[in-house]
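Notes for the structure review
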Amino acid sequence: MQISALAGRTGVSRRLLRYYEEQGLLKPVRLPNGYRDYAESEVTTVRHIRALLEAGLPTAVIADLLHCVHDDDGRPVPSTCPGMVGNLRREQRRIAAEITRLQSSHQALDTLLSAAEGT
């Protein structure tokens, strides 16, 4: 299928699909006319990419883990591939640290706002 069809079926823009290809997440076949030809399975792959992005994983980590994800009634489910749990735990720690940093920033802004408002 062409990129416009994949975009239509997944709700993901053609530009973003091209970005996924640049990151090595999608691997369409190039036709002699230069068009990308996506396999039917790429619809599921895009759904998995979106779920992993929603979980906060960067595309570099997704590239390492994407082959470990399979479908279970339309839901992406991670398999127990070597390194999968370690990668997920590392990303969980990274996100927790970012949450802590953002909470500190939020508190600092609260302090600045209180001072600016004279309360």
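Just above, that's the structure.
These numbers were taken from a predicted model, which means no experiment stands behind them. (Residues numbered from 1 in each chain as written. Predicted model: local features only at pLDDT ≥ 70, side-chain atom pairs only at ≥ 80, totals over all residues. Heavy atoms only, no water.)

Counting secondary structure elements, the chain contains five helices and four strands. Scanning the chain from its N terminus toward the C terminus, one meets helices and strands in the order α-α-β-β-α-α-β-β-α. Its C-alpha atoms give the chain a radius of gyration of 19 Å, clearly above 14 Å, the size a compact globule of 119 residues would have. The principal-axis extents of the C-alpha atoms in the chain amount to approximately 65 × 35 × 25 Å. Within the chain, the fraction of its 119 residues that count as buried is 24%. In the chain, the proportion of contacts linking residues at least 24 apart, taken out of those at least 6 apart, comes to 43%. Here the chain displays about 8,000 Å² of accessible surface, and carbon together with sulfur accounts for 54% of that area. (Helix = DSSP H or I, 4+ residues; strand = E, 2+ residues; numbered from the N terminus. Rg over C-alpha atoms; globule rule 2.2 N^0.38 Å. Buried < 20%, exposed > 50% of the residue type's maximum accessible area, 1.4 Å probe, protein only. Contact = heavy atoms within 4.5 Å. Areas by Shrake-Rupley, 256 points an atom, 1.4 Å probe, with all protein chains shown as cover.)

To continue, consider the pairing of strand β4 (residues 75–78). In the sheet, strand β3 (residues 69–72) pairs with β4 via four bridges, with the strands oriented antiparallel. Residue pairing across strands places Asp72 opposite Arg75, the latter belonging to β4. Counting the residues in the hairpin turn of β3 and β4 gives two residues, including Asp73, whose phi is positive at 55°. (Pairing = 2+ DSSP bridges.)

Turning to the nonpolar core, a few remarks are in order. Core analysis: the biggest nonpolar cluster contains 21 residues, and Leu6, Leu17, Tyr20, Leu26, Ile49 and Ile62 have the highest contact counts within it. Elements with a minimum of two residues in this core: α1 (3–10), α2 (14–22), α3 (42–54) and α4 (59–65). If you tally residues by element for this core, the top one is α3, at four residues. Leaving out residues up to four positions away in the same chain, Ile62 has contacts with Leu25, Ile49, Leu52, Leu53 and Leu57. (Core = buried A, V, L, I, M, F, W, Y, C linked by side-chain atoms within 4.5 Å.)

According to the stated counting rule, one finds one disulfide in the structure shown. At a sulfur-sulfur separation of 2.4 Å, the disulfide partner of Cys68 is Cys81. On the sign convention where negative means left-handed, the S-S torsion of about -125° between Cys68 and Cys81 marks this disulfide as left-handed. Of this pair, Cys68 sits in the loop between α4 and β3 while Cys81 sits in the loop between β4 and α5 (84–117); the two residues are 13 residues apart in sequence, bridging distant segments of the chain. The exposure class of Cys68 is buried, given its relative accessible area of 2%. (Disulfide = S-S within 2.5 Å.)

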